[in-house]
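Next come the chains, spelled out residue by residue.
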Amino acid sequence: MPSLMSSAPFSQVPIPEPPQVITAKDLNYLKDALSWELIAFKKLHAFAQQATDPEVKQALEKAGKMHQQHYQKLLSHLQNNNTAIMSTLPQTQSQQQQPQMQ
């Protein structure tokens, strides 16, 4: 009987581009991710300011810069005009079949 558990690691192919339309659920995920990235950046920046060892200070600053870049990248995905993009998408079948009010 074949095993359901594979010994090969699960590999997920990354999406090459984020979707143009952001749903309410996507927006909540993005808000959480933005919050986490901002908190990580702020904490690492504060720790780097307090560090006395130059190597530790440099490592903390590098990690903080990475989180700042992640924050900026997430923020750039929110720059789309969601309403304009939604209006260019074809309507779903359920929207087309709704009775017209007279």
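Definitions and limits used
- Residues numbered from 1 in each chain as written.
- Predicted model: local features only at pLDDT ≥ 70, side-chain atom pairs only at ≥ 80, totals over all residues.
- Heavy atoms only, no water.
- Helix = DSSP H or I, 4+ residues; strand = E, 2+ residues; numbered from the N terminus.
- Contact = heavy atoms within 4.5 Å.
- Areas by Shrake-Rupley, 256 points an atom, 1.4 Å probe, with all protein chains shown as cover.
- pLDDT = per-residue confidence, 0-100.
- Buried < 20%, exposed > 50% of the residue type's maximum accessible area, 1.4 Å probe, protein only.
- Expected span 1.5 Å × (residues − 1).
- Axes fitted to C-alpha atoms, helices over the stretch in contact; angles between N-to-C directions.
- Parallel < 35°, antiparallel > 145°, perpendicular 65-115°, else oblique.
- Left-handed = near helix turned anticlockwise from the far one by under 90°.
- Nonpolar A, V, L, I, M, F, W, Y, C, P; charged D, E, K, R; others polar.
- Lys, Arg positive; Asp, Glu negative; His and termini not counted.
- Salt bridge = Lys/Arg side-chain N within 4 Å of Asp/Glu carboxyl O.

When you go through the protein residue by residue, the secondary structure sums to four helices and zero strands. Written out in order from the N terminus, the α and β elements of the protein read α-α-α-α. Contacts in the protein between residues at least 24 apart in sequence constitute 68% of all its contacts with a sequence separation of at least 6. Element-wise, carbon and sulfur atoms account for 58% of the exposed surface of the protein, whose accessible area totals about 9,400 Å².

This prediction gives the protein a mean pLDDT of 79; 73% of its residues lie at or above 70. Confidence drops under pLDDT 50 across residues 93-102; counting only partners more than four residues distant or on other chains, this segment forms one contact.

Now for the side chain of His67. As for its placement among the helices and strands, His67 is situated in helix α2 (residues 54-77). Look at His67 and you get buried, because its relative accessible area is 18%. Sequence-distant contacts of His67, that is, excluding residues within four places in its chain, are made with Glu37, Ala40, Phe41 and Leu44.

Because each turn of an α-helix spans 3.6 residues, side chains separated by three or four positions end up pointing in the same direction. For helix α1 (residues 24-50), which comprises 27 residues, the first-to-last C-alpha distance of 39 Å matches the rise-based estimate of 39 Å (1.5 Å per residue) to within 8%. Those residues of α1 that sit buried are Leu30, Ala33, Leu34, Glu37, Ala40, Leu44 and Ala48. Of the surrounding secondary structure, the elements contacted by the buried residues of α1 are α2.

When you line up the elements, Ala46 lands in helix α1. Through-space distance from the C-alpha of Ala46 to that of Leu60 is 9.1 Å; in sequence the pair is 14 residues apart.

Quick look at the environment of Leu89 now. Examined against the element boundaries, Leu89 turns out to sit in the loop between α3 (82-88) and α4 (93-96). Residue classification places Leu89 among the partly exposed positions, given a relative accessible area of 40%. C-alpha separation for the pair Leu89 and Val21, spaced 68 residues apart in sequence, amounts to 9.4 Å.

Let us look at the packing of α1 against α2. As a packed pair, α1 and α2 sit with axes 8 Å apart at the nearest point and diverge in direction by 155°. Accordingly, the angle class assigned to the pair α1 and α2 is roughly antiparallel. Regarding α1 and α2, the two cross each other, and that crossing is left-handed. Of the residues in α2, those touching α1 at Leu30, Ala33, Leu34, Glu37, Leu38, Ala40, Phe41, Leu44, Phe47, Ala48 and Gln49 are Lys57, Leu60, Glu61, Ala63, Gly64, His67, Gln68, His70, Tyr71, Leu74 and Leu75. For the contact of α1 with α2, the per-class residue count stands at 14 nonpolar, five polar and three charged.

One can find Glu37 in helix α1. Put simply, Glu37 is tucked away with no salt bridge, and the nearest opposite charge, on Lys43, sits 13 Å away. Setting aside chain neighbours within four positions, we find Glu37 in contact with His67, His70, Tyr71 and Leu74.

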